[in-house]
There are 2 protein chains.
Amino acid sequence: MELLKQRIRNEGRVMAGNVLKVDSFLNHQMDIRLFGEIGREFRRRFDGCGVNKILTIEASGIGIACITAQYFDDAPVVFAKKNPTKNIAGEVYTSRVESYTHGRVYDVIVSKRFLGPQDRILIIDDFLANGCALMGLIEIVRASGASLVGAGIAIEKGFQEGGHLIRQMGVRVESLAIVDAMSEEGGVVFRD
Amino acid sequence: MELLKQRIRNEGRVMAGNVLKVDSFLNHQMDIRLFGEIGREFRRRFDGCGVNKILTIEASGIGIACITAQYFDDAPVVFAKKNPTKNIAGEVYTSRVESYTHGRVYDVIVSKRFLGPQDRILIIDDFLANGCALMGLIEIVRASGASLVGAGIAIEKGFQEGGHLIRQMGVRVESLAIVDAMSEEGGVVFRD
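Numbering of residues starts from 1 in each chain and follows the order in which that chain's sequence is written. A letter from A marks each chain and a number from 1 marks each ligand, given out in the order of writing. For this predicted model, a pLDDT threshold of at least 70 governs which residues receive local features, and a threshold of 80 or more governs which side-chain atom pairs are given and counted, while totals over whole chains, interfaces and linings are taken from all residues. In computing side-chain values, all of the structure's heavy atoms are included and hydrogens and water are not.

Quick word on the packing of aromatic side chains
To keep things clear, this is the line we draw: Here a pair means two rings of Phe, Tyr or Trp (six-membered ring of Trp) with centres within 6.5 Å. Their orientation is stacked below 30 degrees between planes, edge-to-face above 60, and tilted elsewhere. A ring is scored as having a charge over it whenever the NZ atom of a lysine or the CZ atom of an arginine sits within 6 Å of its centre and within 35 degrees of its normal.
Throughout the structure, instances matching the rule amount to zero aromatic pairs over all chains. Positioned above the aromatic ring of Phe72 of chain A is the side chain of Arg43 of chain A, whose terminal nitrogen or guanidinium carbon lies 5.3 Å from the ring centre.

A few points about the pattern of salt bridges
Residue and element names in this part refer to chain A. Keep this limit in mind: Note on definitions: salt bridges are taken to be side-chain nitrogens of Lys or Arg within 4 Å of carboxyl oxygens of Asp or Glu. Burial status follows relative accessibility: with a 1.4 Å probe on protein chains alone, a residue under 20% of its type maximum counts as buried, one over 50% as exposed, and anything between as partly exposed.
Going through the model one piece at a time under the given rule, you end up with 36 salt bridges over all chains. A salt bridge links Asp23 to Lys21; the shortest N-O distance between them is 3.0 Å. When its relative accessible area of 3% is taken as the criterion, Lys21 is described as buried.

A closer look at the confidence of the model for chain A
Here is the rule: Residue-level confidence of the predictor, termed pLDDT, takes values from 0 up to 100.
Considering every residue of chain A, the mean pLDDT works out to 94; 95% of them sit at 70 or more. Two summary scores accompany this predicted model of the complex, namely pTM at 0.95 and ipTM at 0.95.

Things to note about the environment of Gly131 of chain A
Residue and element names in this part refer to chain A. For clarity, the cut-off: Helix numbers and strand numbers start at the N terminus; a helix is a DSSP run of H or I with at least 4 residues, a strand a run of E with at least 2. A contact between two residues is defined here by any heavy atoms of the two lying within 4.5 Å.
Secondary-structure assignment places Gly131 in the loop between strand S8 (120–128) and helix H4 (132–144). For the pair formed by Gly131 and Gln70, sequence separation is 61 residues and the distance between their alpha carbons is 26 Å. Those residues within four positions of Gly131 in sequence are excluded, and the remaining contacts are Gly162 and Ile166.

Considering the environment of Leu115 of chain A
Residues and elements named next belong to chain A. Position of Leu115 relative to the elements: it lies in the loop between strand S7 (104–111) and S8. For the pair formed by Leu115 and Ala146, sequence separation is 31 residues and the distance between their alpha carbons is 6.7 Å. Those residues in contact with Leu115, other than ones at most four positions away along the chain, are Lys53, Leu55, Tyr93, Val110, Ile121, Ile140 and Ser144.

Section: the sheet that holds strand S5 (residues 77–80) of chain B
Condition: Paired strands, as defined in this entry, are two strands with at least two bridges between them according to DSSP.
In spatial order, the strands read S3(A)-S5(B)-S4(B)-S8(B)-S9(B)-S10(B)-S11(B); together these seven strands make up an open sheet with mixed pairing. The open sheet is flanked by strand S3 (29–30) of chain A together with strand S11 (187–190) of chain B, the only strands paired with a single partner. Across four bridges, the pairing between strand S10 (residues 173–183) of chain B and S11 of chain B is antiparallel. From the neighbouring strand, Ala181 of chain B faces S11 of chain B, where its bridge partner is Val189 of chain B.

Overview of unusual backbone geometry
All names here are of chain A. Look at the link from Glu58 to Ala59: it is a cis peptide, with omega at -5 degrees. The residue Ala59 is located in the loop between strand S4 (53–57) and helix H3 (61–69) in this model. A positive phi angle, near 55 degrees, is found at Asp73, a position not held by glycine. Relative to the assigned elements, Asp73 resides in the loop between H3 and strand S5 (77–80). Overall, the relative accessible area of 60% leaves Asp73 in the exposed class.

Observations concerning the relation of the copies chain A and chain B
The following threshold applies: The copies were overlaid by least squares, fitting only the C-alpha atoms of residues that reach a pLDDT of 70 or more in each copy.
Mapping chain A onto chain B calls for a screw motion: a turn of 180 degrees about the axis and a shift of 0.0 Å along it, with 0.0 Å RMSD after fitting. The superposition operator between the copies reduces to a two-fold rotation axis.

Notes on the packing of helix H2 (residues 32–45) of chain B against helix H3 (residues 61–69) of chain B
Residues and elements named next belong to chain B. What counts here: Inter-axis angles, ranging from 0 to 180 degrees, are taken between N-to-C directions of lines fitted to C-alpha atoms, where helices are fitted over the stretch in contact. By the definition adopted for this analysis, an angle is roughly parallel if under 35 degrees, roughly antiparallel if over 145, roughly perpendicular if from 65 to 115, and oblique otherwise. Crossing handedness follows the turn of the near helix against the far one: under a right angle anticlockwise gives a left-handed crossing, and clockwise gives a right-handed one. All amino acids are sorted into three groups, where Ala, Val, Leu, Ile, Met, Phe, Trp, Tyr, Cys and Pro are nonpolar, Asp, Glu, Lys and Arg are charged, and the leftover types, Gly among them, are polar.
For the pair H2 and H3, interaxial distance at closest approach is 8 Å and the crossing angle is 60 degrees. Looking at the two axes, H2 sits oblique to H3. Viewed along their axes, H2 and H3 form a crossing whose handedness is right-handed. Mapping the contact onto sequence places Ile32, Phe35, Gly36, Ile38, Gly39 and Phe42 in H2 and Gly63, Ile64, Ile67 and Thr68 in H3. Tallied by class, the residues present in the contact of H2 with H3 amount to six nonpolar, four polar and no charged.

Considering the interface of chain A and chain B
Filter applied, for reference: As used in this structure description, the phrase polar contact means that two N or O atoms lie within 3.5 Å; if the pair is within protein, one of them must be able to donate a hydrogen and the other to accept it, and residues adjacent in sequence are counted only when both atoms belong to side chains.
The interface is formed by 43 residues belonging to chain A together with 43 residues belonging to chain B. Counting across the interface, chain A meets chain B through four salt bridges. With a shortest N-O distance of 3.0 Å, Arg33 of chain B and Asp74 of chain A are connected by a salt bridge. Inspection of the chain A/chain B interface yields 17 residue pairs in polar contact (both at pLDDT 80 or more). Contributions of two or more residues to the side of chain A that touches chain B are made by strand S1 (13–15), strand S2 (19–21), S3, helix H2 (32–45), H3, S5 and S7 of chain A. At five residues, the largest contribution of residues to the side of chain A that touches chain B is made by H3 of chain A. Partitioning the side of chain A that touches chain B into residue classes produces 20 nonpolar, 12 polar and 11 charged. In this sheet, strand S3 (residues 29–30) of chain B lies alongside S5 of chain A in antiparallel orientation, the contact comprising two bridges. Looking at the pairing, Val77 of chain A lines up with Met30 of chain B of S3 of chain B.

Given below as structure tokens:
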């Protein structure tokens, strides 16, 4: 998706530790018009797949997921929570995830009331790198008996293994910008 | 807002510890069509106020804030983060907040790059109870030199002190449903 690549080229900053900062438009300040274009593109790619629910994970996936849902007939969006809280009662699906960004392990949780065999799920997230968060969401979808249509990702770090591993599992992954290499000096190189 | 009150009456569950669970449509599963109506109502109430940026806090405020932004000419949305992460570099505004839901204290953080004197801020959040989170966001807006237009809240617990305290500070607070009393037996009583 050329518009997204342009924004990454113009505003993205490569930092030490393989961090690509896109906080001016994607995951701290959010460009709602860009999110609309992202949602439209996910619709184009997953058109006719019968998506009736969108699953994401807090926090930075939520904005893209909500705007994208408008292009899927206002499908409800469920966001997985990263910590057990008082506000989730009853039974939940859980999966253990290791966060690259935060350097810690946490449980991902979705209430069983909101995922089931009648659901055709599109997973939406802002980043795919080592794939741990996405793997956790896939595990939860499978445990619920829902059908997994695929995963729509804004930015994939193609030089990390997540995308490869998850596609090998037979999951359809559509990433709008795949970064094949990046460095503080040379900037970002996209896959064609 | 009658539509929101109906949903709270029909689907809300009052739990021990003054918890009002609305996780089927507001803060775990999210009803995107309802969010559209909420956004439209916030626009009606803050029309002509020159809002050019929306500020919210992770995680459950993000969805409402992003959909609402579409009714304010796609104003950018900034979400405050609850934990310092590797992905926020440089200078930040911080404020200390005590979470009623999670029973802990955390820092709320917004990058200085995304708030400044040119901004006219509408704060959006899903809940207002003791007001600590909102107070933290107000403190950050004031520190940045931005103008605070007001706060748009989906559900206010009117029997807790937050709304009163913050209105006393001279901040305009618009809550779409104000709960004046609730109990596990008697359900929810709304302010007129």
